[in-house]
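Read off the chains here:
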Amino acid sequence: MEVRVDGSRSSSENWLRASLAPISELPRLTPEEEEVAQRLGIQSEPYARERYAQELTDADLRDRALKLGNLVQAWLNQNQVIGTVDSVWLKTFEGITDR
């Protein structure tokens, strides 16, 4: 099943995890990301923590979308409805959200 997630957001839980993560766990910034951080006046480490928080949430969102697709497929099968869930597309609102 193809899973697509458009947009990004981060929960306060993932922000906390990212803020407490050792520097060694943070993603390496590309030269382009370093340049963006510099233009925004943000140091590399906080920028990397923000990216890490988004990565944590992206994995959660993909898992949730996949679970929904599997749930719909199970409902179709259980109710003997002919059909297959080939893909799931989750569109998010940008920003910080709490669960």
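As a starting point, this report considers the structure included with it.

Cut-offs applied
Residue positions are counted from 1 within each chain, in the order its sequence is given. pLDDT decides what is reported in this predicted model: residues at 70 or higher carry local features, side-chain atom pairs at 80 or more are listed and counted, and totals for whole chains, interfaces and linings draw on all residues regardless. Only hydrogens and water are set aside when side-chain values are computed; all heavy atoms of the structure are taken into account. Helix and strand assignments come from DSSP, with helices taken as H or I runs of at least 4 residues and strands as E runs of at least 2, each series counted from the N terminus. Only protein chains enter the area calculation, which uses a 1.4 Å probe; residues under 20% of their type maximum are buried, those over 50% are exposed, and those in between are partly exposed. Should any heavy atoms of two residues lie within 4.5 Å, those residues are counted as being in contact. Fitting a line to C-alpha atoms yields each axis, with helices limited to the stretch in contact; the angle taken between N-to-C directions then spans 0 to 180 degrees. An angle below 35 degrees is treated as roughly parallel, one above 145 as roughly antiparallel, one from 65 to 115 as roughly perpendicular, and anything else as oblique. Helix crossings get a hand from a simple test, with the near helix turned counterclockwise from the far one by less than a right angle marking a left-handed crossing and a clockwise turn marking a right-handed one. Patches here are clusters of residues that have more than 30% relative accessible area and form no salt bridge, with a 9 Å joining cutoff for like charges and a 5 Å cutoff for nonpolar side chains (Val, Leu, Ile, Met, Phe, Trp, Tyr). Computed by Shrake-Rupley with a 1.4 Å probe, the accessible areas treat only the displayed protein chains as cover when residues are assessed. The salt bridge definition used is simple: a Lys or Arg side-chain nitrogen within 4 Å of an Asp or Glu carboxyl oxygen. Only Phe, Tyr and Trp rings take part, Trp by its six-membered ring, and two of them pair if their centres are within 6.5 Å. Stacked means planes under 30 degrees apart, edge-to-face means over 60, and tilted covers everything else. Only lysine NZ and arginine CZ atoms are considered, and such an atom sits over a ring when it is within 6 Å of the ring centre and within 35 degrees of the ring normal. The set of buried Ala, Val, Leu, Ile, Met, Phe, Trp, Tyr and Cys residues whose side-chain atoms join them within 4.5 Å is what this entry labels a nonpolar core.

Details of the environment of Ser87
Alright, step 1. Within the element layout of this structure, Ser87 appears in strand E3 (residues 87–91).
Alright, step 2. Residue classification places Ser87 among the partly exposed positions, given a relative accessible area of 45%.
Alright, step 3. Between the C-alpha atom of Ser87 and that of Gly69, which follows or precedes it by 18 residues, the distance is 7.4 Å.
Alright, step 4. Setting aside residues no more than four positions away along its own chain, Ser87 makes contact with Met1 and Glu2.

Notes on the packing of helix H2 (residues 31–40) against helix H3 (residues 44–78)
Angle between the axes and distance between the axes: these two values describe a pair of packed helices.
Alright, step 1. The N-to-C vectors of H2 and H3 enclose an angle of 115 degrees; their axes lie 10 Å apart at closest approach. Taken together, the axes of H2 and H3 are roughly perpendicular relative to one another. At the point where H2 passes H3, the crossing takes the right-handed sense. Of H3, the residues touching H2 (which contributes Glu33, Glu34, Val36, Ala37 and Leu40) are Ser44, Tyr47 and Arg51.

Description of a nonpolar patch on the surface
Alright, step 1. The grouping of Leu68, Leu71 and Val72 at the surface amounts to a nonpolar patch, some 270 Å² of accessible area in total.
Alright, step 2. Along the chain, the position of Leu71 falls in helix H3.

Details of the packing of aromatic side chains
Alright, step 1. One pass over the structure, following the stated rule, counts zero aromatic pairs.
Alright, step 2. Lying across the ring of Trp89, Lys91 places its NZ or CZ 4.3 Å from the centre.

A closer look at the nonpolar core
Alright, step 1. Within the largest apolar cluster, 10 residues are counted, these being Ala18, Ala21, Leu26, Leu29, Ala37, Tyr47, Ala48, Tyr52, Ala53 and Leu56.
Alright, step 2. Filtering out sequence-adjacent residues up to four positions away, Ala48 remains in contact with Leu26, Pro27 and Leu29.
Alright, step 3. Judged by nonpolar contacts, the second largest core, of seven residues, contains Val3, Val5, Ala65 and Val85.

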